Amino acid sequence: MHLLSHHLLEWTHGYSLVIVTLYWLAAGTSYRGLKNTFNMCRSSEFNVIAYVLDCICSLMRQVIKLPERNELPQIGDRFAEMADSPAFTQCVGAIDGCQVRFTCDDAERHDEYINRKLYYSINLSGLVDYRGKFIDVCIGFPGSCHDLRVLRHCGLYRAGIYWKLYDR
(Lines give C-alpha, C1' and ligand atoms only; values in the text may rest on other atoms or scores of the structure.)
Protein backbone atom coordinates (compact mmCIF):
# COMPACT_ATOMS: atom_id res chain seq x y z
CA MET A 1 0.00 0.00 0.00
CA HIS A 2 2.95 2.33 0.64
CA LEU A 3 3.92 2.20 -3.05
CA LEU A 4 0.34 2.90 -4.08
CA SER A 5 0.04 5.99 -1.91
CA HIS A 6 2.62 7.71 -4.10
CA HIS A 7 0.38 7.24 -7.14
CA LEU A 8 -3.03 7.55 -5.53
CA LEU A 9 -3.09 10.67 -3.40
CA GLU A 10 -6.07 11.89 -5.40
CA TRP A 11 -9.53 12.06 -3.90
CA THR A 12 -12.87 11.94 -5.62
CA HIS A 13 -16.24 12.89 -4.12
CA GLY A 14 -14.55 13.05 -0.70
CA TYR A 15 -13.28 9.45 -0.89
CA SER A 16 -9.84 8.05 -1.57
CA LEU A 17 -9.50 6.28 -4.91
CA VAL A 18 -8.08 3.27 -3.07
CA ILE A 19 -11.03 3.08 -0.67
CA VAL A 20 -13.53 3.07 -3.53
CA THR A 21 -11.59 0.32 -5.32
CA LEU A 22 -11.07 -1.82 -2.21
CA TYR A 23 -14.76 -1.56 -1.37
CA TRP A 24 -15.67 -2.64 -4.91
CA LEU A 25 -13.26 -5.60 -4.76
CA ALA A 26 -14.20 -6.71 -1.24
CA ALA A 27 -17.96 -6.36 -1.54
CA GLY A 28 -18.18 -7.95 -4.98
CA THR A 29 -20.74 -5.30 -5.80
CA SER A 30 -21.77 -3.80 -9.10
CA TYR A 31 -21.14 -0.25 -10.19
CA ARG A 32 -24.76 0.47 -9.25
CA GLY A 33 -23.93 -0.59 -5.69
CA LEU A 34 -21.00 1.85 -5.67
CA LYS A 35 -23.29 4.64 -6.83
CA ASN A 36 -25.51 4.09 -3.80
CA THR A 37 -22.54 3.95 -1.41
CA PHE A 38 -20.25 6.68 -2.76
CA ASN A 39 -22.71 8.83 -4.78
CA MET A 40 -20.55 8.67 -7.90
CA CYS A 41 -21.61 8.39 -11.52
CA ARG A 42 -20.88 5.09 -13.26
CA SER A 43 -18.22 6.50 -15.60
CA SER A 44 -16.31 7.99 -12.64
CA GLU A 45 -16.53 4.69 -10.75
CA PHE A 46 -15.23 2.78 -13.75
CA ASN A 47 -12.37 5.24 -14.33
CA VAL A 48 -11.35 5.25 -10.65
CA ILE A 49 -11.32 1.45 -10.39
CA ALA A 50 -9.49 1.00 -13.71
CA TYR A 51 -6.86 3.56 -12.67
CA VAL A 52 -6.22 1.98 -9.26
CA LEU A 53 -6.08 -1.55 -10.68
CA ASP A 54 -3.66 -0.40 -13.38
CA CYS A 55 -1.42 1.10 -10.67
CA ILE A 56 -1.58 -2.11 -8.64
CA CYS A 57 -0.72 -4.24 -11.68
CA SER A 58 2.17 -1.98 -12.65
CA LEU A 59 3.66 -2.29 -9.15
CA MET A 60 2.81 -5.95 -8.58
CA ARG A 61 6.10 -7.48 -9.76
CA GLN A 62 8.09 -5.05 -7.59
CA VAL A 63 6.24 -6.25 -4.48
CA ILE A 64 5.35 -9.88 -5.25
CA LYS A 65 8.53 -11.77 -6.07
CA LEU A 66 10.38 -14.95 -5.31
CA PRO A 67 12.97 -15.01 -2.55
CA GLU A 68 16.65 -14.96 -3.42
CA ARG A 69 18.45 -18.31 -3.21
CA ASN A 70 20.53 -17.14 -0.21
CA GLU A 71 17.31 -16.41 1.74
CA LEU A 72 15.93 -19.95 1.36
CA PRO A 73 17.68 -21.59 4.35
CA GLN A 74 16.39 -18.84 6.68
CA ILE A 75 12.87 -19.23 5.26
CA GLY A 76 12.98 -23.01 5.76
CA ASP A 77 14.25 -22.59 9.31
CA ARG A 78 11.41 -20.17 10.11
CA PHE A 79 8.79 -22.60 8.75
CA ALA A 80 10.36 -25.43 10.81
CA GLU A 81 10.30 -23.21 13.89
CA MET A 82 6.65 -22.27 13.32
CA ALA A 83 5.64 -25.92 12.79
CA ASP A 84 7.90 -27.14 15.61
CA SER A 85 9.22 -29.80 13.24
CA PRO A 86 12.51 -30.09 11.33
CA ALA A 87 10.57 -31.61 8.42
CA PHE A 88 9.65 -28.08 7.32
CA THR A 89 13.23 -26.88 6.75
CA GLN A 90 12.70 -27.62 3.04
CA CYS A 91 9.54 -25.46 2.93
CA VAL A 92 9.75 -22.26 0.92
CA GLY A 93 6.12 -21.17 1.07
CA ALA A 94 2.53 -22.05 1.81
CA ILE A 95 0.05 -22.17 -1.04
CA ASP A 96 -3.72 -21.84 -1.01
CA GLY A 97 -6.51 -20.64 -3.20
CA CYS A 98 -9.78 -18.81 -2.79
CA GLN A 99 -12.82 -17.85 -4.80
CA VAL A 100 -13.27 -14.13 -5.48
CA ARG A 101 -16.98 -13.41 -5.89
CA PHE A 102 -18.15 -11.08 -8.67
CA THR A 103 -21.23 -10.17 -10.67
CA CYS A 104 -21.19 -11.90 -14.06
CA ASP A 105 -22.58 -9.97 -17.02
CA ASP A 106 -21.24 -12.31 -19.73
CA ALA A 107 -24.30 -14.22 -20.95
CA GLU A 108 -22.29 -16.54 -23.22
CA ARG A 109 -19.70 -17.74 -20.68
CA HIS A 110 -21.48 -17.35 -17.35
CA ASP A 111 -21.62 -21.14 -16.70
CA GLU A 112 -17.82 -21.31 -16.52
CA TYR A 113 -17.73 -18.90 -13.61
CA ILE A 114 -20.22 -20.71 -11.34
CA ASN A 115 -18.23 -22.46 -8.61
CA ARG A 116 -19.18 -25.53 -6.57
CA LYS A 117 -20.99 -23.30 -4.07
CA LEU A 118 -23.16 -21.98 -6.91
CA TYR A 119 -22.03 -18.36 -7.15
CA TYR A 120 -19.94 -16.54 -9.75
CA SER A 121 -16.26 -16.36 -8.92
CA ILE A 122 -12.70 -16.19 -10.20
CA ASN A 123 -9.94 -18.38 -8.73
CA LEU A 124 -7.05 -16.75 -6.92
CA SER A 125 -4.07 -18.88 -5.92
CA GLY A 126 -1.32 -17.46 -3.75
CA LEU A 127 2.05 -18.56 -2.43
CA VAL A 128 3.24 -16.84 0.77
CA ASP A 129 6.43 -16.97 2.83
CA TYR A 130 6.60 -17.47 6.61
CA ARG A 131 5.65 -13.81 7.21
CA GLY A 132 2.49 -14.14 5.13
CA LYS A 133 4.05 -12.01 2.37
CA PHE A 134 2.98 -12.99 -1.15
CA ILE A 135 5.79 -14.34 -3.30
CA ASP A 136 3.57 -15.52 -6.18
CA VAL A 137 -0.04 -15.11 -7.31
CA CYS A 138 -2.11 -16.66 -10.08
CA ILE A 139 -5.45 -14.97 -10.76
CA GLY A 140 -8.12 -15.24 -13.39
CA PHE A 141 -9.29 -18.82 -13.85
CA PRO A 142 -13.08 -19.24 -13.80
CA GLY A 143 -14.64 -20.38 -10.54
CA SER A 144 -15.58 -23.77 -12.01
CA CYS A 145 -11.88 -24.71 -12.38
CA HIS A 146 -10.46 -27.12 -9.82
CA ASP A 147 -7.59 -25.84 -7.61
CA LEU A 148 -5.20 -28.41 -9.08
CA ARG A 149 -5.91 -27.20 -12.61
CA VAL A 150 -5.18 -23.63 -11.52
CA LEU A 151 -1.92 -24.77 -9.91
CA ARG A 152 -0.84 -26.67 -13.01
CA HIS A 153 -1.30 -23.55 -15.13
CA CYS A 154 0.50 -21.27 -12.69
CA GLY A 155 3.73 -19.81 -14.09
CA LEU A 156 5.94 -21.16 -11.30
CA TYR A 157 4.53 -24.65 -11.60
CA ARG A 158 4.89 -24.76 -15.38
CA ALA A 159 8.48 -23.56 -15.19
CA GLY A 160 9.24 -26.18 -12.53
CA ILE A 161 10.35 -23.46 -10.15
CA TYR A 162 8.49 -24.97 -7.18
CA TRP A 163 11.00 -27.82 -7.21
CA LYS A 164 14.06 -25.85 -8.35
CA LEU A 165 13.77 -23.18 -5.65
CA TYR A 166 15.15 -25.33 -2.91
CA ASP A 167 17.94 -27.31 -4.54
CA ARG A 168 20.49 -27.52 -1.71
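Everything below is about the structure shown above.
Residues numbered from 1 in each chain as written. Predicted model: local features only at pLDDT ≥ 70, side-chain atom pairs only at ≥ 80, totals over all residues. Heavy atoms only, no water.

A. Seen up close, the pairing of strand β5 (residues 134-142). Relative to β5, strand β4 (residues 121-128) runs antiparallel, the two being bridged by 7 bridges. The partner of Ile-122 across the bridge, within β5, is Pro-142. The turn linking β4 back onto β5 is made up of 5 residues, and Gly-132 within it adopts a positive phi angle of 85°. (Pairing = 2+ DSSP bridges. Helix = DSSP H or I, 4+ residues; strand = E, 2+ residues; numbered from the N terminus.)

B. Here's a closer look at helix α3 (residues 31-38). All of the buried residues in α3 are Gly-33, Leu-34 and Phe-38. Looking down the long axis of α3, one finds its buried residues gathered within 110° of arc, a one-sided arrangement. Away from its buried face, by an angle of more than 90 degrees, α3 presents the exposed residues Arg-32 and Asn-36. Asn-39 sits one or two positions beyond α3 and adopts a positive phi of about 55°. (Buried < 20%, exposed > 50% of the residue type's maximum accessible area, 1.4 Å probe, protein only. Arc of directions from axis to C-beta.)

C. Representation of the sheet that holds β4. With antiparallel pairing, 3 strands are arranged side by side in an open sheet as β3-β4-β5. Each having just a single partner strand, β3 (94-101) and β5 make up the two edges of the open sheet. Between one strand axis and the next, the sheet turns through 20° on average, direction left out of account. (Axes fitted to C-alpha atoms, helices over the stretch in contact; angles between N-to-C directions.)

D. The arrangement of the side chain of Asn-115 in detail. Here Asn-115 lies in the loop between β3 and β4. Classification of Asn-115 as buried rests on a relative accessible area of 5%. The contacts of Asn-115, once residues within four sequence positions are left out, are Gln-99, Ser-121, Gly-143 and Ser-144. (Contact = heavy atoms within 4.5 Å.)

E. Broad picture of the pattern of salt bridges. As enumerated under the stated definition, the model contains 1 salt bridge in all. The closest approach of N and O atoms between Asp-129 and Arg-131, which form a salt bridge, is 2.6 Å. Using a relative accessible area of 4% as the deciding quantity, one classes Asp-129 as buried. (Salt bridge = Lys/Arg side-chain N within 4 Å of Asp/Glu carboxyl O.)

F. Structural view of the packing of aromatic side chains. Counted according to the given criterion, the structure contains 2 aromatic pairs. Here the guanidinium or amino end of Arg-101 rests over the ring plane of Tyr-119, the centre of that ring lying 3.8 Å away. (Phe/Tyr/Trp six-rings, centres within 6.5 Å; stacked < 30°, edge-to-face > 60°. Lys NZ or Arg CZ within 6 Å of the ring centre and 35° of its normal.)

G. Molecular detail of the packing of α3 against helix α4 (residues 42-63). Where α3 contacts α4, the two axes come as close as 9 Å, and the packing angle between them is 100°. The angle between the axes of α3 and α4 places the two elements in the roughly perpendicular class. Together, Tyr-31, Arg-32, Leu-34 and Lys-35 of α3 and Arg-42, Glu-45, Phe-46 and Ile-49 of α4 make up the contact between the two elements. Broken down by class, the residue content of the contact of α3 with α4 amounts to 4 nonpolar, no polar and 4 charged. (Parallel < 35°, antiparallel > 145°, perpendicular 65-115°, else oblique. Nonpolar A, V, L, I, M, F, W, Y, C, P; charged D, E, K, R; others polar.)

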